[in-house]
Each structure stands twice: as C-alpha cells, then as structure tokens.
Amino acid sequence: MRLGATLVHLSAAPPYPVAEWARRLVGEGFESLWTPEVIGRGHLVPDPFVTLAAAATATDGVELGTATVQVPLHHPADLAHRILSLASVCGDRLALGVSPGSTRADSATFDRDHPARFRTFDENLARLRVLLARGCDERADLAPTGVDVPILLGSWGAKVERAAREFDGWLASDHRRTADQIVAAHERYRAAGGGRAVVCAVRVAGEGDLGPVGERLHRYAEAGFDDAVVLFEPGGPRPEQVRTLVP
C-alpha cells in the first residue's frame, strides 16, 4: 500500500506553507499529495487548484490529487477550465477526485441546493467529462484536444458499486467512517470489479495518535487498499514519524 498525505489541514490554525510542506512530505517518502475542497466552515482551507499548482512547481514525480472537488458547487465549464489549467501545470501527475459533497455549509456558501446535490452531480459530471475530453469546447466537429485525467469517485452507500463500474477509482473517507465500515465497503467495491481504492483523511492530530493510526493503516493495507492518505493536523506527530508506520 502506498502512503500519501494532505497538503492542508482542517483546523483553525493558519494553513501550511504549501511549497515548503510539499517538499518536506516528498522528502520523507510520501508518494502522493492530496487536498480537499472545503469552504464555508469557519476557517480557511486553501483552494485545491491553487494548492496543487503550487505543489506541482515545488516537487517532481509525486502524484497530486483532489480528495475531493465538490462538483455541484461549480459550473461545469468553469470547473473544466480550472482542471485543464491545473493539468497543464501538473502534467500526468494529476488525479481528480470528485464527489457530490456532504456538508450543507459548503452548499450554502455557494447558494446551491444541497438536497439536489446528487442530481446536480450527475448532470454536471456528464458535461464535465465532455469538456475535459474536448479542451472546454463542446462542438462535435472538433477532434478531442483535452486531457485524460483519471477520475475517482468519493462516495458511500450504493455509490461504492458505482465507483467500481463508472470511475477510475474510489475514495473512502476515514474522517467520517469507522475502519470496520470502510473495510466492509472495500469488499463490496472489489466484488463489483473496482480498480484503485484509496482511503483518505486518516487523521493524525496528537502524539498519542501514532499507535492507533498505525493499526488503522495496517488494517487498510491488509484489506487490500492501494493507497492511504494521512491528514496531518498542526501539533501532531512529524511526517517522518508517520511515514515509518507503513514500510
């Protein structure tokens, strides 16, 4: 199992200096760098596109991903333009994690209809795929000029099987579920023929977390996850301490 890390945290403390933090994580051996889209929750979590662009210029070779972009918050054309622009900086290192979103505060900040987010997700994602393939131009007479970015679905419930059928991978959030729930959902994902499986947001907040986090990471590795992504909160264990948990 590969071990990745987030470029941001979810506390009220000042954000990490992205370029410096990205270089440190890569130097300690983390194999992927991720960031979520979080807005409207009372503290700044930097924009994922700005964050990943900064990390791309500060690092070489390491994968860069969103976990996740909340598709219903955006117009598909604007979102496609931002993704294509980011891909031009990241190259083939970019992985696009998408989701309908789960937090009402984020929807309210954008004046979006939170209960309708699943329908909006389906409608916007269908158009987004076309725009990405055609470089933001939907005219049918043009040859494809876009990019082929792997798209992973951040999902739960019945959509775990959908991730297996329709996406390049699945993102499970450790931040909201127990290890038992995540392992059980992973079994369903594999049974449905799913490919890459990533468990993200494995929170590390204090020195006492090292033991329990290590146990969770080993359990996910034994279950067959391809990647785990740890979420470093300020004041917790150092990256080099956490990296040793997964050889």
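Sequence positions are assigned chain by chain, starting from 1 and proceeding in written order. In view of the model being predicted, local features appear only for residues whose pLDDT reaches at least 70, and side-chain atom pairs are presented and counted only at 80 or more, with totals across whole chains, interfaces and linings using the full set of residues. Remark: hydrogens and water are excluded; side-chain values derive from all non-hydrogen atoms of the structure.

**Student:** Tell me about the sheet that holds strand β2 (residues 32-35), and name the residues and values.
**Tutor:** Taken in spatial order, the eight strands of this closed barrel run β1-β2-β3-β4-β5-β6-β7-β8, and their pairing is parallel. When strand polarity is set aside, the average angle formed by the axes of neighbouring strands in this sheet is 25°. Two strands form a pair only when DSSP identifies at least two bridges running between them. The way it works is that DSSP assigns letters per residue, a run of H or I at least four long becomes a helix, a run of E at least two long becomes a strand, and they are numbered from the N terminus. Of the pairings in the sheet, the one linking strand β4 (residues 94-99) to strand β5 (residues 151-154) comprises three bridges and is parallel in character. Following the sheet pairing, leucine 96 is matched in β5 by isoleucine 151. Axis geometry follows a simple rule: fit a line to the C-alpha atoms, using only the stretch in contact for helices, then measure angles between N-to-C directions, giving values from 0 to 180 degrees.

**Student:** For the pairing of strand β7 (residues 196-204), give the residues involved together with the corresponding values.
**Tutor:** The element β7 is largely enclosed, with a buried count of eight among its nine residues. Pairing geometry for strand β6 (residues 169-173) and β7, over five bridges, is parallel. The residue of β7 that forms the bridge with leucine 171 is valine 198. Between the parallel elements β6 and β7, the chain passes through helix α7 (residues 179-191) in a crossover that is right-handed. Only protein chains enter the accessibility calculation, which uses a 1.4 Å probe; a residue is then buried when its area is under 20% of its type maximum, exposed when over 50%, and partly exposed in between. With the strands aimed away from the viewer, a crossover counts as right-handed if its path from the first strand over the helix to the second runs clockwise.

**Student:** Which residues make up helix α8 (residues 210-223), and what values go with them?
**Tutor:** Each residue after the first adds 1.5 Å to the expected span of a helix. Compared with the 20 Å implied by 1.5 Å per residue over 14 residues, the 20 Å span of α8 between its first and last C-alpha is a close match. Residues Leu210, Val213, Gly214, Leu217 and Tyr220 constitute the buried set of α8. Relative to the axis of α8, the buried residues are bounded by an arc of 130° and lie together on one face. Exposed residues lying more than 90 degrees from the buried face of α8 are Glu215 and Glu222. We call two residues contacting when some pair of their heavy atoms lies within 4.5 Å. Taken together, the buried residues of α8 touch β1 (2-6), α7, β7, β8 (227-232) and α9 (239-243). By definition, the arc is the one covered by directions from the helix axis to the C-beta atoms.

**Student:** If you had to explain helix α1 (residues 18-27) to someone new, which residues and values would you point to?
**Tutor:** Among the residues making up α1, those that are buried are Val18, Trp21, Ala22 and Leu25. Projected onto a plane normal to the axis of α1, the buried residues spread over an arc of 100° and lie on a single side. Of the exposed residues in α1, those oriented more than 90 degrees away from the buried face are Glu20 and Gly27. Residues of α1 that are buried sit in contact with β1, β2, α2 (48-58), β8 and α9. Downstream of α1 by one or two residues, glycine 29 has phi in the positive range, about 100°.

**Student:** Got a sec to walk through the environment of arginine 127? Specific residues and values, please.
**Tutor:** With respect to the element layout, arginine 127 can be found in helix α5 (residues 117-133). Spatially, the C-alpha atom of arginine 127 lies 30 Å from that of isoleucine 182, the residues being 55 residues apart in sequence.

**Student:** So, the packing of aromatic side chains: which residues are in play, and what are the values?
**Tutor:** The rule is short: rings of Phe, Tyr and Trp, with Trp giving its six-membered ring, pair when the centres are within 6.5 Å, and they are stacked under 30 degrees, edge-to-face over 60, tilted in between. All told, the structure shown has six aromatic pairs when counted by the stated rule. Here the aromatic rings of tryptophan 21 and phenylalanine 232 are separated by 5.7 Å at their centres, their planes lie at 90°, and the arrangement is edge-to-face. Linking tryptophan 21 in helix α1 with phenylalanine 232 in strand β8, this pair joins segments that are 211 residues apart in sequence. With respect to burial, tryptophan 21 and phenylalanine 232 carry one shared label: buried. Seen in terms of ring centroids, tyrosine 220 and phenylalanine 225 are 5.6 Å apart; in terms of plane orientation they differ by 70°. Their pairing is edge-to-face. For the residue pair tyrosine 220 and phenylalanine 225, the accessibility class agrees, reading buried in each case. Three or more aromatic residues link up through ring pairs in this structure, and these residues are Tyr16, Trp21, Phe30 and Phe232. Note that arginine 129 overlies the ring of phenylalanine 167, its terminal NZ or CZ placed 4.9 Å from the centroid. Above the face of the phenylalanine 30 ring, arginine 243 is positioned so that its terminal group lies 5.9 Å from the ring centre. Whether a charge sits over a ring comes down to the Lys NZ or Arg CZ being within 6 Å of the ring centre and within 35 degrees of the ring normal.

**Student:** Explain the pattern of salt bridges residue by residue, including any values.
**Tutor:** Should a side-chain nitrogen of Lys or Arg be within 4 Å of a carboxyl oxygen of Asp or Glu, the pair is scored as a salt bridge. Scanning the model with the defined rule gives 16 salt bridges in all. Salt-bridge contacts for aspartate 226 lead to arginine 190; the nearest nitrogen and oxygen are separated by 2.9 Å. You can see aspartate 226 sitting in the loop between α8 and β8 and its partner arginine 190 sitting in helix α7, a full 36 residues away along the chain. Arginine 238 is the partner of glutamate 240 in a salt bridge, and the nearest nitrogen-oxygen pair spans 2.9 Å. Assessed through its relative accessible area of 41%, arginine 238 is described here as partly exposed. One connected set of salt bridges, linked through shared partners, spans Arg2, Glu63, Arg196 and Asp227.

Taken by themselves, the reported measurements are silent on function.
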